[in-house]
Each structure stands twice: as structure tokens, then as C-alpha cells.
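Now for the letters of each chain:
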Amino acid sequence: MENDKCHLCSENCVHNETAEKISGFTPDGEAIDEIANLFKIFGDSTRIRIMFVLFKNEMCVCDIAESLGMTQSAISHQLRILKQSRLVKSRRAGKTVFYSLADSHVKGIFYQAMEHILEKR
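Notes on the structure in this doc start here. Nothing here was measured: the structure is a model prediction, and the numbers come from that model.

The rules we used
Residues numbered from 1 in each chain as written. Predicted model: local features only at pLDDT ≥ 70, side-chain atom pairs only at ≥ 80, totals over all residues. Heavy atoms only, no water. Salt bridge = Lys/Arg side-chain N within 4 Å of Asp/Glu carboxyl O. Helix = DSSP H or I, 4+ residues; strand = E, 2+ residues; numbered from the N terminus. Buried < 20%, exposed > 50% of the residue type's maximum accessible area, 1.4 Å probe, protein only. 1 Å grid on protein atoms, 1.4 Å probe; cavity = no way out; pocket = protein on both sides within 12 Å on 5 of 7 lines; lining within 4 Å. Points joined across faces, edges and corners; volume = space filled by probe spheres on them. Nonpolar A, V, L, I, M, F, W, Y, C, P; charged D, E, K, R; others polar. Contact = heavy atoms within 4.5 Å.

Here the focus is the pattern of salt bridges. Oppositely charged side chains are able to pair whenever their charged atoms sit close together. Applying the stated criterion to the full structure yields one salt bridge. Of the charged contacts in the structure, one is a salt bridge between Glu58 and Arg91, with a shortest N-O distance of 2.5 Å. In this pair, Glu58 is assigned in the loop between α4 (45-56) and β1 (59-60) and Arg91 in strand β2 (residues 88-93), connecting sequence segments 33 residues apart. Under the relative-accessibility criterion, Glu58 is labelled partly exposed at 27%. Judged by relative accessible area, which is 41%, Arg91 ranks as partly exposed.

Below, the structure is given as C-alpha cells:
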């Protein structure tokens, strides 16, 4: 019970300077929901594995499936989710569709996550 008290202020007051600094900083509810959904997409290990192989090079479904030891159907399903979330993009070359990370923002998010995890090891 004592441990629960450490999260409470011992004095009930508002620090106006701090409150003013963050005023208008918090995104609206829709943006917050979109951020939460983005983190849900990152919450699936299969999608993270797919993004990991796409981090360095674009690949087709066949190559991703082979490299991850999964079926093309399973990979295609996850790529659809990643594409709908604007984390992955595709390009067609003849009959083959190649997938890559959508942009430098996605690479940055992924890189920062990897860096954060690896610094703890």
C-alpha cells in the first residue's frame, strides 16, 4: 500500500507554468486514436518480422515468406494491414509486386525502437 502513495502528490496544487507550457500541445482525440492504432499495428510480432526484413531491402511476398518460413497467404494478410496503415508501400514490376517500408518516418520509428531495445542488453 505504501508503494501506491509514491504516485500521488503530497500537496494538491496546479503548477500554472507547467500547465501553460503544455496547453495546446496535446493532439486532438482523433490524432490520439490514430497514434494508439499505430502502436497496435506494431504490437504484432509477425508484422515486426516483416518490417525487419523490409528495413534493408524491398521484397516480394514470395521472398518475404521464404525468409520468414511462413506461407505467402499469411504474409499477404499482414502486408495488407501494414499497407492500410501506411507503414508499407508497394510497386509493381511486371507480374511481381515489391513491398518496402513506406518512408523515412517508418524507418525512423523502427530504428528508434530497435535502438531502445538493444541499449538495454
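For the rest of this paragraph, the subject is unusual backbone geometry. One non-glycine residue, Arg86, lies in the positive phi region at around 60°. Within the element layout of this structure, Arg86 appears in the loop between α6 (72-84) and β2.

Below, the discussion takes up the layout of surface pockets. Estimated volume of the largest pocket: approximately 350 Å³. Along its surface, the largest pocket is lined by 13 residues, and Glu34, Leu38, Ser85, Arg86 and Leu87 are the ones closest to its centre. Of all elements in the fold, only α3 (29-41) and α7 (104-119) reach the threshold of two or more residues within the lining of the largest pocket. Per-element accounting of the lining of the largest pocket gives the leading share, six residues, to α3. Along the lines of polarity and charge, the residues of the lining of the largest pocket split into seven nonpolar, three polar and three charged.

The next subject is the side chain of Thr46. Of note, Thr46 is situated in helix α4. Among residues more than four places away in sequence, those in contact with Thr46 are Met70 and Gln78.

Distances and angles like these do not, on their own, reveal function.
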